[in-house]
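Structural overview
Take a look at the letters that make up each chain.
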Amino acid sequence: MTKLQVRAFLYQLGCFACLFILARFLVEKYTDLTGFWVPFIAFVIGTFLSPKFQAVKTNDGEKLFMKWVFSKNIKEIG
């Protein structure tokens, strides 16, 4: 794995973790779900809402890109 691929993985993991924890707290507090359903629903929400990061080799070298469900365009990071 290259340095940018590791960075993309860590960004994606961090964003997912933040959204998962937030979604788990909100699902637990504002719904009547219990047991297995609370983390399952939080996982689905976190997976859907977290941005996707990818390192791509281009003619100019390797670059880091991000795509998000709320953004129409693919954005170059750094």
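Our subject is the structure listed above.
Residues numbered from 1 in each chain as written. Predicted model: local features only at pLDDT ≥ 70, side-chain atom pairs only at ≥ 80, totals over all residues. Heavy atoms only, no water.

**Notes on the pairing of strand β2 (residues 61–67)**
We apply this condition: A strand pair is defined by DSSP finding two or more bridges across the two strands. Labels follow the DSSP assignment, with helices taken as runs of H or I lasting at least four residues and strands as runs of E lasting at least two, numbered in each case from the N terminus.
Relative to β2, strand β1 (residues 52–58) runs antiparallel, the two being bridged by 7 bridges. Looking at β2, one finds that Lys52 is bridged to Lys67. Connecting β1 to the next strand, β2, in antiparallel fashion are 2 residues.

**Describing the sheet that holds β1**
The following threshold applies: The axes are straight lines fitted to the C-alpha atoms, using for helices just the contacting stretch, and the angles between their N-to-C directions are given from 0 to 180°. A contact between two residues is defined here by any heavy atoms of the two lying within 4.5 Å.
With antiparallel pairing, the 3 strands of this open sheet are ordered in space as β1-β2-β3. Each of the sheet's edge strands pairs with one partner strand only, and the pair in question is β1 and β3 (75–77). Across the sheet, the mean angle separating the axes of adjacent strands is 40° when strand polarity is ignored. Examined bridge by bridge, β2 and β3 share 3 bridges and lie antiparallel to one another. When the bridges of β3 are listed, Phe65 appears paired with Glu76. Sheet contacts for helix α1 (residues 3–30): β1 and β2; angle to β1, the most-contacted strand, approximately 165°.

**A short note on the packing of aromatic side chains**
This is how it is decided: Only the six-membered ring of Trp is used, alongside the rings of Phe and Tyr, when aromatic pairs are assigned; centres must lie within 6.5 Å, and planes under 30 degrees apart are stacked while those over 60 apart are edge-to-face, with the rest tilted. Sitting over a ring, as applied to charges here, requires NZ of Lys or CZ of Arg to be within 6 Å of the ring centre and within 35 degrees of the ring normal.
This structure, assessed with the given rule, holds 7 aromatic pairs. With 5.2 Å between their ring centres and 90° between their planes, Trp68 and Phe70 make a pair best called edge-to-face. These aromatic residues form a ring-pair network of at least three members: Phe16, Phe20 and Phe43. Its end group placed over the ring of Tyr30, Lys29 keeps NZ or CZ at 6.0 Å from the ring centre.

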